[in-house]
Amino acid sequence: MSREGEFERLFRKCYAQLYAFAMGMVRDDELCRDILSDSFEMLWNHIGDVDEAGEKSYLFRTVRNKCTDWARSRLSRQRYEIFFKTLYGDGTDDDGSVLKEAESNIEKIYQLIDTLTPQTRRVLDECYFKGRRQAEVAEELGISVSAVKKHIAQAMKVFKSKIK
């Protein structure tokens, strides 16, 4: 059987199990399908690096990691929203302008975070949203502390230039 045929067989055999596995973690149909699609694409792109016996394990690991990344991202956004509400209050001024401005700024920040490089986003997430020390992040990513500082400075420069 061709490699494509084997891949299709694996897809048909594992998709339902992987979907149930992902749904148990993220509870969102569309997100589950996206995660599975990304996971199968990763397997296809690394097909030569993964032996046939380990393909199913690779898929489950990839799905688990993608679900975990999504949950961490969601938690980080929730923490930021709590922080922002604490900083600016509940926005109950007369015309609601404080809340509208705060929501607008949150949306701008999320959009700006999405424009950063993956490495800069990760450094920012680890240092600011998860509260980890720069030295810990540097060690985990295999970069120097000064590189972590440069990523943070780069992000802050983007924020300052785009948010008035």
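Just above sits the structure.
None of the values given here were measured: they were computed from a predicted structure.

Looking at the overall build of the protein
Right, so step 1: Looking only at helices and strands, the protein features seven helices and zero strands.
Right, so step 2: Residues classed as buried in the protein amount to 32% of the 164 residues present.
Right, so step 3: Surface exposure of the protein reaches about 10,800 Å², of which carbon and sulfur atoms provide 52%.

Section: the pattern of salt bridges
Opposite charge on two side chains permits them to pair, given that their charged atoms come into close proximity.
Right, so step 1: As enumerated under the stated definition, the model contains 11 salt bridges in all.
Right, so step 2: A salt bridge links Lys130 to Asp125, with the nearest nitrogen and oxygen atoms 3.3 Å apart.
Right, so step 3: Exposure remark for Lys130: the relative accessible area of 27% places this residue in the partly exposed category.
Right, so step 4: Since its relative accessible area comes to 18%, Asp125 is described here as buried.
Right, so step 5: What you see here is one network of salt bridges that share partners, running through Arg122, Asp125, Glu126, Lys130, Arg132, Glu136 and Glu140.

Some words on a negative patch on the surface
Right, so step 1: Together, Asp28, Glu30, Asp34, Asp38 and Glu41 line one region of the surface with negative charge.
Right, so step 2: Tracing the sequence through the fold places Glu30 in helix H2 (residues 29–45).

Here we look at unusual backbone geometry
Peptide bonds are, in most cases, trans, and in most cases residues other than glycine have a negative phi.
Right, so step 1: Positive phi, normally seen in glycine, also occurs at Arg27, with a value near 50°.
Right, so step 2: With respect to the element layout, Arg27 can be found in the loop between helix H1 (3–26) and H2.

Some thoughts on the packing of H1 against H2
Right, so step 1: The interhelical angle for the contact between H1 and H2, taken along N-to-C directions, is 140°, at an axis separation of 9 Å. By the criterion of interaxial angle, the relationship of H1 to H2 is oblique. Considering the relative orientation of H1 and H2, their crossing is right-handed. Residue-level contacts link Glu4, Phe7, Leu10, Phe11, Tyr15, Leu18, Tyr19, Ala22, Met23 and Val26 of H1 to Asp29, Leu31, Cys32, Arg33, Ile35, Leu36, Phe40, Leu43 and Trp44 of H2.

Quick look at the nonpolar core
Right, so step 1: Leu18, Ile35, Leu43 and Val63 are the most contacted members of the largest nonpolar core, which has 18 residues in total.
Right, so step 2: In this structure Val63 touches Leu18, Phe21, Ala22, Ile35, Leu36 and Ser39, once residues within four positions along its chain are discounted.
Right, so step 3: Core analysis: the next-biggest nonpolar cluster, separate from the first, contains 11 residues, Ile106, Leu112, Leu124 and Phe159 among them.

A short note on helix H5 (residues 118–129)
Right, so step 1: Look at H5: 15 Å from first C-alpha to last across 12 residues, which is about the 16 Å you get at 1.5 Å a residue.
Right, so step 2: Buried within H5 we find Thr120, Val123, Leu124, Asp125, Glu126, Cys127 and Phe129.
Right, so step 3: Backbone geometry just after H5 places Gly131 at a positive phi near 70°.

Details of the environment of Tyr80
Right, so step 1: Among the structural elements, Tyr80 can be located in helix H3 (residues 55–88).
Right, so step 2: Taking the relative accessible area as the measure of exposure, Tyr80 reaches 13% and is therefore buried.
Right, so step 3: For the pair formed by Tyr80 and Ile106, sequence separation is 26 residues and the distance between their alpha carbons is 8.6 Å.
Right, so step 4: What Tyr80 contacts, discounting residues up to four positions off in sequence, is Ile106, Ile109, Tyr110 and Phe129.

Some words on H2
Right, so step 1: In this model H2 runs 24 Å from its N-terminal to its C-terminal C-alpha over 17 residues, within 8% of the 24 Å that 1.5 Å per residue would give.
Right, so step 2: Within the span of H2, buried status applies to Leu31, Cys32, Ile35, Leu36, Ser39, Phe40 and Leu43. The arc that holds the buried residues of H2, viewed along the axis, is 165°, so those residues lie on one side. More than 90 degrees from the buried face of H2, the exposed residues found are Glu30 and Asn45.
Right, so step 3: Measuring from the side-chain oxygen of the N-cap residue of H2 to the backbone nitrogen of Glu30 gives 3.0 Å; that N-cap residue is Asp28.

Criteria and thresholds
Residues numbered from 1 in each chain as written. Predicted model: local features only at pLDDT ≥ 70, side-chain atom pairs only at ≥ 80, totals over all residues. Heavy atoms only, no water. Helix = DSSP H or I, 4+ residues; strand = E, 2+ residues; numbered from the N terminus. Buried < 20%, exposed > 50% of the residue type's maximum accessible area, 1.4 Å probe, protein only. Areas by Shrake-Rupley, 256 points an atom, 1.4 Å probe, with all protein chains shown as cover. Salt bridge = Lys/Arg side-chain N within 4 Å of Asp/Glu carboxyl O. Patch = residues over 30% accessible without salt bridge, like charges linked within 9 Å, V, L, I, M, F, W, Y side chains within 5 Å. Lys, Arg positive; Asp, Glu negative; His and termini not counted. Charge placed at Lys NZ, Arg CZ, Asp CG, Glu CD. Axes fitted to C-alpha atoms, helices over the stretch in contact; angles between N-to-C directions. Parallel < 35°, antiparallel > 145°, perpendicular 65-115°, else oblique. Left-handed = near helix turned anticlockwise from the far one by under 90°. Contact = heavy atoms within 4.5 Å. Core = buried A, V, L, I, M, F, W, Y, C linked by side-chain atoms within 4.5 Å. Expected span 1.5 Å × (residues − 1). Arc of directions from axis to C-beta. Polar contact = N/O pair within 3.5 Å; in protein donor to acceptor, adjacent residues only side chain to side chain.

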